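# Examining the three-dimensional arrangement
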Amino acid sequence: MKEKPWKPWLLLSPSLTAVFLLLVIPVCFVVVYSFWLRAPSGQDIPAFQFGNYAKFFADFFYPVILLNTIRVALETVFICLIMGYIPAYFFYRTESRLKPFLMILVMLPFWISFIIRTLSWINILGDSGLINHLLLKSGLISSPIPMLYNEGAVIMGLIQYLLPFMILNIYVSLDGIDKSLAEAAKSLGCTEWQAFREVTLPLSMPGVSAGCLLVFVLTCGTYLPPMILGGPGNEMIANLIFKRVIGTLDWPFGSAISVILLLLLVIIVYTYNRYMGINQIFKSLSKG
Amino acid sequence: MTQAKDPAFVRFKGIEKRFGDLVAVQPMDLNIPEGSFVTLLGPSGCGKTTLLRMLAGLENPTRGDIFIKGKRINDTPIHKRNLGMIFQNYALFPHKTIFDNVAFGLKYRDVSKTEMKEKVEKALETVRLPGVGNRMPSQLSGGQQQRIALARAIVIEPDVLLMDEPLSALDENLREDMRREIDNLQMELGVTTIFVTHDQREALSMSDKVVVMKDGFIQQQGEPEEVYNNSVNHFVADFLGHSNFLAAQVKTTRKDGIYEVALADGSTCLASPVGDFEQGEKAEIVIRAQKMTLGYQKDFVQEEGMNYFYGKIKDRSYMGGEVSYFVEIADGQLLHVINFVKRSPYRRKDEVYIRVDPFHCRLLKQ
Ligand SMILES: Nc1ncnc2c1ncn2[C@@H]1O[C@H](COP(=O)(O)OP(=O)(O)OP(=O)(O)O)[C@@H](O)[C@H]1O
Ligand SMILES: [Mg+2]
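Residues numbered from 1 in each chain as written. Chains lettered and ligands numbered in written order. Predicted model: local features only at pLDDT ≥ 70, side-chain atom pairs only at ≥ 80, totals over all residues. Heavy atoms only, no water.

Another aspect to go through is the overall build of chain B. Scanning chain B from N- to C-terminus turns up 8 helices and 20 strands. Summarising its shape, the C-alpha atoms of chain B cover approximately 75 × 45 × 45 Å along the three principal directions. Evaluated residue by residue, chain B yields a buried proportion of 51% over its 366 residues. Of the contacts formed within chain B by residues at least 6 apart in sequence, a portion of 65% connects residues at least 24 apart. Carbon together with sulfur atoms contributes 47% to the accessible area of chain B, which is approximately 17700 Å² in total. (Helix = DSSP H or I, 4+ residues; strand = E, 2+ residues; numbered from the N terminus. Buried < 20%, exposed > 50% of the residue type's maximum accessible area, 1.4 Å probe, protein only. Contact = heavy atoms within 4.5 Å. Areas by Shrake-Rupley, 256 points an atom, 1.4 Å probe, with all protein chains shown as cover.)

Next comes the structure, spelled out in structure tokens:
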């Protein structure tokens, strides 16, 4: 049981190499690009100036989108947490033989393209989608209820993408908790609910905090659900970057927005880590 | 204080537990006397844990009733049963300090803050670990953690203390110490204790009463000496200690209660029966390895009314104070004999006699 703090790092070294080549180097390029100038002709001119950043903060337009993104991300995290904890806890407690099968169902969405999964909501929620069709047919409504192209639809799209991550993170954490702990608590006088609150819930916090962080970060970087399911007011920061880089080919400005988002996420992750401690996950890994 | 002890403080009546088709605990009755230390002993999968968990309220009996102090508790939820449970893996709450661990059960009882502090400190002293209250469970050794688990269970003054193989996660030396400690503690507190183990030495050394189980059935129950010396069947005799089994056929029954039986090689042997036998009935003799005495021919004056076997030492292992011999007797059967070393131990290939009192040759039904 000797603690070897370097053990996880050793195990991670192949992935760290990949991360370095595929992530760190491209990020350096993006940072460099964000200081370049864009000539009116559309040419990118190497430079070192903060014009792109100044443009972002020049008025409220861009910062508001950034704040909206964070708000949507927090809402998504919250709903995923509630919706994810329940099945994770069920998997932890159940002795059903169907458990492996049900676990596969949780991962099933990963087998289908994200775009297709997102687009399929249009067939369900759209004006001529399944729900409206049925309601119209049954005569309950006379004109379709608009359910798409608002924030609710965006969040729904995000949840169906991110929920499995939350469930799996929480489940992994729960699975490591000895069931006799809750039994001990109950034998000492706790009701089922008190035992959960006093023992199981606090011990599952590493998984909860890892799941929340993952969902938050992934939401901040996602552009497909807002693009497909959102309305004009539901743009998120990643859509903005997408539009700049792919739409107007304005690489320097797109890069600057990316760098701002990246910095913000780094600050958030760092602060979060200090108070919630993903380090805990590392610790429990190196103890094993 | 001299109130008579309740002989059925805990009472299982017709209790049975099935998991689907599997019968984990066969219908059984069992009484646990007040203040006693009772061990459930048996091989893996015999239903010990299941029986204990039904008493704890962690498992619902399929059939039958459980009583504590004469009150039926089948429908009492676990948190109202006032039982102290000790688990094999300690089950300390890793996110709470030792103090909070021990105080845990008191939080759900009517105990003031100061009283709680006193009780926790006293419990920590009882398990000889005062002053560790501020530490976390992971900072204690296995033995210390198990003692904290003990403190946590006794601090609530439970009606019954339940322990499921509490020592099996400890290493050999520590186990011995903890065994004595638990034993002393139980005597000091006088709390009715049910202890589950598959280690016969634990069971024999600690208990007032041993309940031997197999395949969900109770095989025998009684005081350790009783169960050890007067094992009622092959399984119990085999499970406890080192036993030799010889096939036998009843020849004549004698007035003094000793039977004459024929062994496989045709020789006659005297044995004391467990139960009634008919003439000609096929049976089995069990002899404990420690109850036989080895000697050279010249050492023994053949006495009337004693059993003698002639044989050759095939193998021996020296175990410090005593030596374990395997002696080959007629038709190649090996007898396991454990004797104290008197002068020098017998050697391989030595020709020896084995003497055994008919009282220790117990005739069992097949
Ligand atoms: N929850 C359960 N579901 C199905 N079968 C079970 C369950 N719990 C126990 N069993 C079965 O019941 C039988 C008795 O189990 P139990 O745990 O009581 O044995 P044990 O005597 O405590 O054994 P061990 O010494 O290995 O702990 C075993 O065959 C076991 O497989
Ligand atoms: Mg068991």
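Here the narrative resumes, following the displayed structure.
This part takes up the overall build of chain A. Looking only at helices and strands, chain A features 14 helices and 2 strands. If you line up chain A on its principal axes, its C-alpha atoms span 75 × 65 × 30 Å. By the burial criterion, 40% of the 288 residues in chain A qualify as buried. For chain A, contacts bridging at least 24 residues in sequence account for 68% of all contacts bridging at least 6. Positive and negative side-chain charges in chain A, numbering 19 and 14 respectively, have mean positions lying 6 Å apart. (Lys, Arg positive; Asp, Glu negative; His and termini not counted. Charge placed at Lys NZ, Arg CZ, Asp CG, Glu CD.)

Residues and elements named next belong to chain A. Here helix α13 (residues 251–276) spans 36 Å end to end across 26 residues, near enough to the 38 Å set by a 1.5 Å rise per residue. Listed as buried for α13 are Pro252, Phe253, Gly254, Ser255, Ala256, Ile257, Val259, Ile260, Leu261 and Leu265. Looking at where α13 begins, the residue whose side-chain oxygen comes 3.3 Å from the main-chain nitrogen of phenylalanine 253 is aspartate 250. (Expected span 1.5 Å × (residues − 1). Polar contact = N/O pair within 3.5 Å; in protein donor to acceptor, adjacent residues only side chain to side chain.)

What follows deals with the interface of chain B and chain A. Taken residue by residue, the interface counts 21 residues in chain B and 17 residues in chain A. When chain B packs against chain A, close to 1700 Å² is buried across both sides, 64% of that on carbon and sulfur atoms. When the buried surface of chain B facing chain A is broken down by residue, His79, His95 and Tyr108 of chain B rank first, second and third, together holding 31% of it. Taken together, the connections running from chain B to chain A amount to 3 salt bridges. When the shortest N-O distance is used, the salt bridge between glutamate 198 of chain A and lysine 107 of chain B registers 3.1 Å. (Buried area = accessible area lost by both parts, 1.4 Å probe. Salt bridge = Lys/Arg side-chain N within 4 Å of Asp/Glu carboxyl O.)

Looking now at the nonpolar core. General note: in soluble globular proteins, nonpolar side chains tend to be found buried as a group. Core analysis: the largest hydrophobic core is formed by 132 residues, its most contacted members being Leu51, Leu55, Val102, Ile148 and Leu162 of chain B. Among the elements that make up this core, the one with the highest residue count is helix α7 (residues 151–175) of chain A (13 residues). Beyond its immediate sequence surroundings of up to four residues, valine 102 of chain B is in contact with Val120, Ala123, Leu124, Ile148, Ala151, Arg152 and Val155 of chain B. (Core = buried A, V, L, I, M, F, W, Y, C linked by side-chain atoms within 4.5 Å.)

Time to look at the site of ligand 1. All names here are of chain B. For ligand 1, the set of nearby residues contains 13 residues, the closest of which are Ser44, Gly45, Lys48, Thr49 and Thr50. Note that an oxygen atom of ligand 1 is positioned 2.7 Å from one of the backbone N or O atoms of glycine 45. Contact distances for ligand 1 include 3.2 Å between an oxygen atom and a side-chain N or O atom of glutamate 165. Expressed as a share of its isolated accessible area of 640 Å², the protein-covered part of ligand 1 is 62%. Counting only elements with at least two residues in the shell around ligand 1, the list comes to β2 (22–32) and α1 (48–56). Broken down by element, the shell around ligand 1 gets its largest block of residues, 3 residues, from α1. In terms of residue class, the shell around ligand 1 is built from 5 nonpolar, 6 polar and 2 charged. (Near = heavy atom within 4 Å. Nonpolar A, V, L, I, M, F, W, Y, C, P; charged D, E, K, R; others polar.)

Residue and element names in this part refer to chain B. Residue placement: glutamine 26 occurs in strand β2. Using a relative accessible area of 18% as the deciding quantity, one classes glutamine 26 as buried. Contact partners of glutamine 26, with chain neighbours within four places excluded, come to Ile15, Asp215, Gly216 and Phe217.

Attention shifts here to a nonpolar patch on the surface. Residues and elements named next belong to chain A. Among the surface-exposed residues, Val19, Phe20, Leu21, Leu22, Leu23, Val24, Ile25, Val27, Phe29, Leu262 and Val266 lie close enough to one another that they form a single nonpolar patch of about 990 Å² accessible area. Of all the secondary-structure elements, those providing two or more residues to the nonpolar patch are α1 (7–33) and α13. Among the elements that take part in the nonpolar patch, α1 stands out by supplying 9 residues, more than any other. Among the secondary structure elements, valine 266 is positioned in helix α13. Look at valine 266 and you get partly exposed, because its relative accessible area is 48%. (Patch = residues over 30% accessible without salt bridge, like charges linked within 9 Å, V, L, I, M, F, W, Y side chains within 5 Å.)

Residues and elements named next belong to chain B. Spatial ordering of the open sheet is given by β2-β1-β4-β5, a layout of 4 strands whose pairing is antiparallel. Only two strands of the sheet have a single partner each, and these edge strands are β2 and β5 (71–72). Here α1 sits on the sheet in contact with β1 (10–19), β2 and β4 (63–68), set at roughly 115 degrees to β1. (Pairing = 2+ DSSP bridges. Axes fitted to C-alpha atoms, helices over the stretch in contact; angles between N-to-C directions.)

Looking at chain B as a whole, its pLDDT mean stands at 91, while 99% of the residues score no less than 70. Under the prediction, the complex receives an ipTM of 0.84, its pTM being 0.84. (pLDDT = per-residue confidence, 0-100.)

Residue and element names in this part refer to chain B. Evaluated as defined, the whole model comprises 30 aromatic pairs over all chains. Taking the centre distance of 4.6 Å and the plane angle of 50 degrees together, the rings of phenylalanine 93 and phenylalanine 104 count as tilted. Taken together, the positions of phenylalanine 93 in the loop between β6 (83–86) and α2 (98–107) and phenylalanine 104 in helix α2 put the pair 11 residues apart, joining distant regions of the chain. You'll find phenylalanine 93 and phenylalanine 104 in the same group, each marked buried. (Phe/Tyr/Trp six-rings, centres within 6.5 Å; stacked < 30°, edge-to-face > 60°.)

Before going further, it helps to spend a moment on the packing of helix α5 (residues 114–125) of chain A against helix α6 (residues 130–138) of chain A. Residues and elements named next belong to chain A. One can describe the packing of α5 onto α6 by two numbers: an axis separation of 4 Å at closest approach and a directional angle of 5 degrees. The angle between α5 and α6 places the two elements in the roughly parallel class. Contacts between α5 and α6 involve Asn123, Ile124 and Leu125 on the former and, on the latter, Leu130, Ile131 and Asn132. For the contact of α5 with α6, the class distribution of residues is 4 nonpolar, 2 polar and no charged. (Parallel < 35°, antiparallel > 145°, perpendicular 65-115°, else oblique.)

A few words now on the pairing of strand β12 (residues 259–263) of chain B. Successive side chains on a regular strand alternate, one facing one side of the sheet and the next facing the other. All names here are of chain B. Of all 5 residues in β12, 4 are buried; the element is thus mostly enclosed. Note: strand β11 (residues 243–253) against β12, 5 bridges, orientation antiparallel. From the neighbouring strand, alanine 248 faces β12, where its bridge partner is leucine 263. Remark: 5 residues form the turn of the hairpin made by β11 and β12, two consecutive strands paired antiparallel; glycine 257 in that turn has positive phi of roughly 90 degrees. As paired elements, β12 and strand β13 (residues 268–273) share 4 bridges and run antiparallel to each other. If you follow tyrosine 259 over to β13, its bridge partner there is alanine 271.

Quick look at unusual backbone geometry now. Residues and elements named next belong to chain A. Positive phi, normally seen in glycine, also occurs at leucine 249, with a value near 55 degrees. Along the chain, leucine 249 turns up in the loop between α12 (237–247) and α13. Residue leucine 249 is classed as exposed on the basis of its relative accessible area, which comes to 51%.

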